[in-house]
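# Examination of the molecular architecture
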Amino acid sequence: MELNKEGEHFQLQLPVAMQFDNLAVSQQHTSGEYQLLAALDGISMPDSLIYGSSEDPHFKSSLIDIGHLVFSKPEDEAAFFDLKGIALQGIDADSQRAELHTLLIKAFELNAIKDKDGQWKNLLLAMEEPSAGEEPSADKEPSAGEEPSAGEEPSADKEPSADQEPSPGEEPPADKDASAGEQLAADQAPSESTEQPGFTFKISRIALEQASPFRFHDASTTPIFDLPLILEQLEVLDIDSAEPDQISSINVATSDGEYYKQSLDATWQIFHPEPSGAFDLQVEQFPLYKVSAMLKHSAGFDIMAGELDLDYKGELEKAELDSKANIFLRGPIFSSGADDHVDDDKVSGQAAIPMNYALGMLKDRKGNIKIKVNIDGDINDPDFDFSDIFVVVIRKQIFKMAQAELAKQFLPYGQLLGVAMAAGNQALKVRFADLVYVPMTQEFTEESQQMALALHQLLLDKAKTDLRLCPVATAADIGVAPETKLQDAQHHQAILLAQSRAASLKKTLVEKGIGSERLLLCAARYDASKDSLPRIEIKD
């Protein structure tokens, strides 16, 4: 120990070696048993140095070795987090900055487990809410205006009321309003001291020494979500909160211990408000069925089998993401749950083709699917949610490809059929074009004559397709201007014409071999809008 006096300050140089052993914190369960919240078997600091002054303290240590740490361990479950040890190597710190050469994570085990009700099974809470009707603490102070208990002396420092006369020889109380004003002015006056810079830190390296398992289990989903993985490699280099332009590098690798492998190599300006960087994510043979429960809500279907290969590369320039993903689905099998299959005979009459069927249309001869997507955007935008965007962009690309495939199937039917995205982007909508009539007649326009022939052919080809024929009359059918208010006789005339068109079309199709039960007639209606055309709307 060495003490040196310099002016009015004392400096202290103190070599320090410390050892803590067997620290534990437990929580009493309602059953009366104690459950382990946290336990640490030891911390050692073999050679450290505290030096400097009271105004400028410094701390150095070549090593702080944190031993086995267990966090949240119920009696009959695996610990939520089991850390085998951490070594902090090369520490140099003062009141403004801390620098660490290496943070070495020796190994760990993570188990995140939820029960069938979605409640954590192995994540204990350190504090419990007080029971209903619990008495307040005995040392609680009386509320404002509360009378002291019998025999209780009033507080010695209690001020007299404003109208209370001072004792003989006692100075009258100072003006409270004036004092408050002086205090407020003092608080608002600019401080003479300059603003101190914030605390910063630097970590040269974070690394994982041994491969570490982690498991996510949720029994509240259907099917039960259970995903055991292994963190094979973790290394992060060059973190410095004082240097926003500092580029940190990140390397992460995971696996399932068998066939699935994932690697991520990235650079990133962690503390820059508009970061730049680059990344390369590679995934091989990820078992898709294991995450089906998590994807079902966003994707709209289950994945019963299949593997994912992913090649995803991108760059970030001042928070603007520019990335491309090559997705390969090997042998996927999809299910929408209630209706696992859409019959080919019914496709042309489907109100909506679900995403699982759309994906099935993209399979090659080996049953695999290849998808390429671009993912762009400002990561600082509050609406930018990468997980959401990734799913949405892929879903749109899948439907775009499926739409092109459906269009090829619909070529024999000319302009009669079209394909568009359904509301919510969860399915493709097959739309029938309207059959348009020459006003005041039962004659199709030239284009609709061809579509009527296509309609007959479609009904022959798709024996399971049933349709509704919904007639619409317009102002042109009775020779009045659009949006004109009709007399009852005029409205009746328009409705009769529309009804006769639908009846005539059904009769023609039945005479050509289509079952009458497959063609349902809707009530006729009148459309007074400016651009409306006399027509029959075809609906499934």
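Use the structure listed above.
What counts as what
- Residues numbered from 1 in each chain as written.
- Predicted model: local features only at pLDDT ≥ 70, side-chain atom pairs only at ≥ 80, totals over all residues.
- Heavy atoms only, no water.
- Helix = DSSP H or I, 4+ residues; strand = E, 2+ residues; numbered from the N terminus.
- Polar contact = N/O pair within 3.5 Å; in protein donor to acceptor, adjacent residues only side chain to side chain.
- Contact = heavy atoms within 4.5 Å.
- Buried < 20%, exposed > 50% of the residue type's maximum accessible area, 1.4 Å probe, protein only.
- Expected span 1.5 Å × (residues − 1).
- Pairing = 2+ DSSP bridges.

For the rest of this paragraph, the subject is the side chain of Arg97. Structurally, the position occupied by Arg97 is in strand 7 (residues 97–114). A distance of 3.0 Å separates the side chain of Arg97 from the side chain of Thr200, its partner in a polar contact. In terms of polar contacts, Arg97 uses its side chain to reach the side chain of Asp240, at 3.0 Å. Beyond its immediate stretch of four places on either side in the chain, Arg97 contacts Asp92, Phe199, Thr200, Phe201, Lys202, Asp240 and Ala242.

This part takes up the environment of Thr441. Here Thr441 lies in the loop between strand 20 (435–436) and helix 5 (446–461). Overall, Thr441 belongs to the partly exposed group, its relative accessible area being 25%. Along the backbone, Thr441 and Ala498 are 57 residues apart, and their C-alpha atoms lie at a distance of 9.6 Å. If we ignore the near neighbours within four places in the chain, the residues touching Thr441 are Leu497 and Arg501.

The subject of this paragraph is the environment of Tyr312. You can see Tyr312 is positioned in strand 14 (residues 302–317). Judged by relative accessible area, which is 3%, Tyr312 ranks as buried. Between the C-alpha atom of Tyr312 and that of Lys324, which follows or precedes it by 12 residues, the distance is 5.9 Å. Separated by 2.7 Å, the side chains of Tyr312 and Ser323 make a polar contact.

The end-to-end C-alpha separation of helix 6 (residues 488–511) is 35 Å, in line with the 34 Å expected for 24 residues at 1.5 Å each. Three or more residues of helix 6 are buried, namely Ala494, Ile495, Leu497, Ala498, Arg501, Ala502, Leu505 and Leu509. Where helix 6 is buried, its residues meet strand 20, helix 5, strand 21 (467–474), strand 22 (519–521), strand 23 (525–527) and strand 24 (535–539). At the exit of helix 6 stands Gly513, carrying a positive phi of roughly 105 degrees.

Moving on, we get to the pairing of strand 8 (residues 200–208). As defined by bridge partners, strand 7 adjoins strand 8 across eight bridges and the pair is classed as parallel. Residue pairing in the sheet places Arg97 in a bridge with Thr200 of strand 8.

In this section: the pairing of strand 7. When strand 6 (residues 81–94) meets strand 7, the two strands line up antiparallel, connected through 11 bridges. Its bridge partner lying in strand 7, Gln89 is registered against Thr102. When strand 7 meets strand 9 (residues 212–218), the two strands line up parallel, connected through five bridges. When the sheet's bridge partners are listed, Ala112 is paired in strand 9 with Phe216.

These results come straight from atomic positions and should not be treated as a statement about function.
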